[in-house]
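A look at the structure
Chain residues, written in single-letter form:
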Amino acid sequence: MAVDSLIELRGVNKYYGPLHVLQNIDLTVARGEVVVVIGPSGSGKSTLCRAMNRLETIESGLITIEGTPLPAEGRGLARLRAEVGMVFQSFNLFAHRTVLDNVSLAQIKVRKRKKEDADRRSRELLDRVGLLSQADKLPAQLSGGQQQRVAIARALAMDPKALLFDEPTSALDPEMINEVLEVMRQLAREGMTMVVVTHEMGFARSAANRVVFMSDGRIVEDRTPEDFFTAPESDRAKDFLSKILKH
């Protein structure tokens, strides 16, 4: 195993009934790397992302984080989810809790931090995503873009080794997408290990170290953004790019 590999998938298979959604997936994500996963709808991107912290179970194969296989359930799994944070398409914030509480809660419950320490860390992170002034509001009082930035702050509050993003901007209005991508670009610049499933090709181009292109449950290409966008090797990727880059 490479010294700096943080997440490794070897021979991973996943079925939904007869549908083979992940087919013999091999993928390594190195520490500090930003891997962007793209591909047509139904290609298995979100399932791949969710398998990395066991929100989706797999039928066969091995997924390791820092060389340790994913725990099946229980405390080990809760610990893993603290190490590998997730940001979803829907923000999944607690509606009846303030923004500050949303960011502090898991720190107190999982990381066992004192409330004042957790709140201090939460304020730092809200400041970092440009939302310190909104700390006492409820999520419903924020725009979608602001709520997603709170969700990113909440994931960062656990001091994760890696962050998984499952289409973090696809539920947002177009004018809000960039404020979220800008926070993600900043994290990428700071060396956060990230796996990002997205339709935002500009982000893939500018922030990714590698682009993983999926189609029909397989990884078809895994290359630098420069290579992938300028000279895709597979017909599937050429077809995909010709459709999206025209618009």
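Where an unreviewed UniProt entry is consulted, the protein chain appears under the name ABC-type polar-amino-acid transporter, with the organism given as Streptomyces scopuliridis RB72. Recorded in UniProt for the protein chain, the comment headed Sequence similarities (unreviewed entry) runs: "Belongs to the ABC transporter superfamily."

The helix and strand tally for the protein chain stands at 9 helices and 10 strands. Taking 18 Å as the expected radius of gyration for a compact globule of 247 residues, we find that the protein chain reaches 18 Å, a close match to that expectation. Summarising its shape, the C-alpha atoms of the protein chain cover approximately 55 × 40 × 35 Å along the three principal directions. Across the 247 residues of the protein chain, 51% fall into the buried class.

Take the sheet that holds strand E5 (residues 68–69) next. Within the open sheet, the 4 strands sit side by side as E2-E1-E4-E5. Their pairing is antiparallel. At either end of the open sheet lies a strand with only one pairing partner, and these are strand E2 (19–30) and E5. Relative to E5, strand E4 (residues 60–65) runs antiparallel, the two being bridged by 2 bridges. Within the sheet, the bridge partner assigned to Ile65 lies in E5 and is Thr68.

Another aspect to go through is the side chain of Asn53. Relative to the elements of secondary structure, Asn53 occurs in the loop between helix H1 (45–51) and E4. Taking relative accessible area as the criterion, Asn53 reaches 2% and is therefore assigned buried. Beyond its immediate chain neighbours, meaning those up to four positions away, Asn53 contacts Leu70, Leu77, Leu80, Arg81, Val84, Met86 and Leu164.

A cluster of basic residues, Arg75, Arg79, Arg97, Lys109 and Lys112, forms a positive patch on the protein surface. Mapped onto the elements of the fold, Lys112 is located in the loop between helix H3 (99–109) and helix H4 (115–128). Among the residues examined, Lys112 registers a relative accessible area of 65% and is labelled exposed.

To continue, consider the pattern of salt bridges. For the coordinates displayed, the defined rule picks out 22 salt bridges. For Glu56, the salt bridge is made with Lys14, and the minimal N-O distance between the two is 3.5 Å. A residue pair is termed long-range when its members are at least 10 positions apart, and Glu56 in the loop between H1 and E4 and Lys14 in strand E1 (residues 5–16) qualify at 42 residues. With respect to burial, Glu56 and Lys14 carry one shared label: buried. Measuring nitrogen to oxygen at the nearest pair gives 2.6 Å for the salt bridge that ties Asp119 to Lys115. Residue Asp119 and its partner Lys115 are both found in helix H4; the two are separated by 4 residues, about one turn of the helix. Residue class for Lys115 comes out partly exposed when judged on its relative accessible area of 44%. Through salt bridges with shared partners, one network takes in Arg31, Glu66, Glu83, Arg111 and Lys161.

Within the sequence span of helix H2 (residues 75–83), burial applies to Leu77, Leu80 and Ala82. Buried-residue contacts for H2 involve E4 and strand E6 (84–87).

All right, on to the pairing of strand E8 (residues 193–197) then. The element E8 is largely enclosed, with a buried count of 5 among its 5 residues. What you see with E8 is no split at all: Thr193, Val195 and Val197 on one side and Met194 and Val196 on the other are buried throughout. Where strand E3 (residues 34–38) meets E8, 4 bridges bridge the pair, whose relative direction is parallel. Looking across to E8, one finds that Val34 is bridged to Met194. Where strand E7 (residues 162–166) and E8 come together, 5 bridges link them in parallel fashion. Counterpart to Asp166 in the pairing with E8 is Val197. Viewed along the sheet, the connection from E7 through helix H6 (residues 174–189) into E8 turns out right-handed.

Bridge analysis of strand E9 (residues 210–215) against strand E10 (residues 218–223) gives 5 bridges, and the strand direction is antiparallel. For Phe213, the partnering residue across the bridge sits in E10 and is Glu221. Counting the residues that bridge the hairpin from E9 to E10 gives 2 residues, and of these Asp216 lies at a positive phi of roughly 50°.

So, how was this worked out
Residues numbered from 1 in each chain as written. Predicted model: local features only at pLDDT ≥ 70, side-chain atom pairs only at ≥ 80, totals over all residues. Heavy atoms only, no water. UniProt positions renumbered as here; feature names shortened; annotations may be inferred. Helix = DSSP H or I, 4+ residues; strand = E, 2+ residues; numbered from the N terminus. Rg over C-alpha atoms; globule rule 2.2 N^0.38 Å. Buried < 20%, exposed > 50% of the residue type's maximum accessible area, 1.4 Å probe, protein only. Pairing = 2+ DSSP bridges. Contact = heavy atoms within 4.5 Å. Patch = residues over 30% accessible without salt bridge, like charges linked within 9 Å, V, L, I, M, F, W, Y side chains within 5 Å. Areas by Shrake-Rupley, 256 points an atom, 1.4 Å probe, with all protein chains shown as cover. Salt bridge = Lys/Arg side-chain N within 4 Å of Asp/Glu carboxyl O. Lys, Arg positive; Asp, Glu negative; His and termini not counted. Charge placed at Lys NZ, Arg CZ, Asp CG, Glu CD. Right-handed = clockwise from strand over helix to strand, strands pointing away.

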